[in-house]
Amino acid sequence: MDIRKFIKSFGYAIQGIVAVMQEQNMRFHVLSAVVVIIAGTLTGLSVTEWIILVLVMALVIGAEMFNTAIERVVDLASPTIHPLAKQAKDIAAGAVLVFAVASVIIGLLIFLPKWF
């Protein structure tokens, strides 16, 4: 294993994170995660609840990153509007929506019993 290549790969990953942070939806997901972290800290969640929330937040943010990557590749491959290109982008966005809705439901299941 080439340690220089390995370390360099982290730089590429960080560049990807910086690039995706330019997306409005990603900033919304990150802001939502910060709100959940603050609420969880103030609520006094168990370790199990934190594990669930961290996994859910990572899934939503990761899904948004995949969605952005798919959108960029589709835009590169099909600079003009094409029905299949639109479908690919819509499906990727729909996947993020599924994760986001599930995360809201999970958050409500964790927080509501503690607040009421």
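In case you missed it, the structure is sitting above this.
Because the structure is a prediction, the values reported are computed rather than measured. (Residues numbered from 1 in each chain as written. Predicted model: local features only at pLDDT ≥ 70, side-chain atom pairs only at ≥ 80, totals over all residues. Heavy atoms only, no water.)

Enquirer: Kindly report on helix α3 (residues 47-77), identifying the contributing residues and their values.
Expert: With 31 residues, α3 should reach 45 Å at 1.5 Å per residue; the first-to-last C-alpha distance of 44 Å fits that figure. Of the residues making up α3, those classed as buried are Glu49, Leu53, Val56, Met57, Val60, Ala63, Glu64, Asn67, Thr68 and Val74. Against α1 (3-20), α2 (24-43) and α4 (83-115) lie the buried residues of α3. (Helix = DSSP H or I, 4+ residues; strand = E, 2+ residues; numbered from the N terminus. Expected span 1.5 Å × (residues − 1). Buried < 20%, exposed > 50% of the residue type's maximum accessible area, 1.4 Å probe, protein only. Contact = heavy atoms within 4.5 Å.)

Enquirer: Tell me what's going on with α1, and back it up with residues and numbers.
Expert: In this model, α1 (18 residues) spans 26 Å end to end at C-alpha, consistent with the 26 Å of a helix rising 1.5 Å per residue. N-cap assignment for α1: the residue whose side-chain oxygen lies 3.1 Å from the backbone N of arginine 4 is aspartate 2. (Polar contact = N/O pair within 3.5 Å; in protein donor to acceptor, adjacent residues only side chain to side chain.)

Enquirer: With reference to specific residues and values, describe the packing of aromatic side chains.
Expert: Each aromatic ring pair is described using two quantities: the centre-to-centre distance and the angle formed by the ring planes. The tally for this structure, following the rule as stated, stands at two aromatic pairs. Ring plane angle 90° and centroid distance 5.2 Å describe the contact between phenylalanine 6 and phenylalanine 10, whose orientation is recorded as edge-to-face. Note that phenylalanine 6 and phenylalanine 10 are positioned in helix α1 at a spacing of four residues, about one turn of the helix. Phenylalanine 10 gets classed as partly exposed once you look at its relative accessible area, which sits at 48%. (Phe/Tyr/Trp six-rings, centres within 6.5 Å; stacked < 30°, edge-to-face > 60°.)

Enquirer: Let's hear about the packing of α2 against α4: which residues, and what values?
Expert: The relative placement of two packed helices is expressed as an angle between their axes plus a distance between the axes. The geometry of α2 relative to α4 is characterised by a closest axis approach of 12 Å and an angle of 15° between their N-to-C directions. Classified by the angle between their axes, α2 and α4 sit roughly parallel to one another. As for how α2 packs across α4, the hand of that crossing is left-handed. For the pair α2 and α4, contact is made by His29, Val36, Ala39, Gly40 and Thr43 and by Val96, Ala100, Phe111, Lys114 and Trp115, respectively. Residues belonging to the contact of α2 with α4 are distributed by class as follows: six nonpolar, three polar and one charged. (Axes fitted to C-alpha atoms, helices over the stretch in contact; angles between N-to-C directions. Parallel < 35°, antiparallel > 145°, perpendicular 65-115°, else oblique. Left-handed = near helix turned anticlockwise from the far one by under 90°. Nonpolar A, V, L, I, M, F, W, Y, C, P; charged D, E, K, R; others polar.)

Enquirer: Break down the nonpolar core for me, citing the residues and quoting the values.
Expert: Taken as a class, soluble globular proteins show a tendency for nonpolar side chains to be buried jointly. Among the nonpolar cores identified, the biggest contains seven residues, and these are Ala33, Ala39, Leu45, Leu53, Met57, Ile110 and Phe111. Among the secondary structure elements, those contributing two or more residues to this core are α2, α3 and α4. Leaving out residues up to four positions away in the same chain, alanine 39 has contacts with Phe111 and Trp115. (Core = buried A, V, L, I, M, F, W, Y, C linked by side-chain atoms within 4.5 Å.)

Enquirer: Requested: an account of the side chain of serine 78, with residues and values cited.
Expert: Looking at where serine 78 falls in the secondary structure, it is placed in the loop between α3 and α4. Looking at serine 78, its side chain comes within polar contact range of the main-chain oxygen of threonine 80, at 2.9 Å.

Enquirer: Could you give an account of the packing of α3 against α4, naming the residues involved and the relevant values?
Expert: At a minimum axis distance of 9 Å, the contact between α3 and α4 shows a crossing angle of 165°. As the angle between them shows, α3 and α4 are arranged roughly antiparallel. The interaxial crossing formed by α3 with α4 has left-handed handedness.

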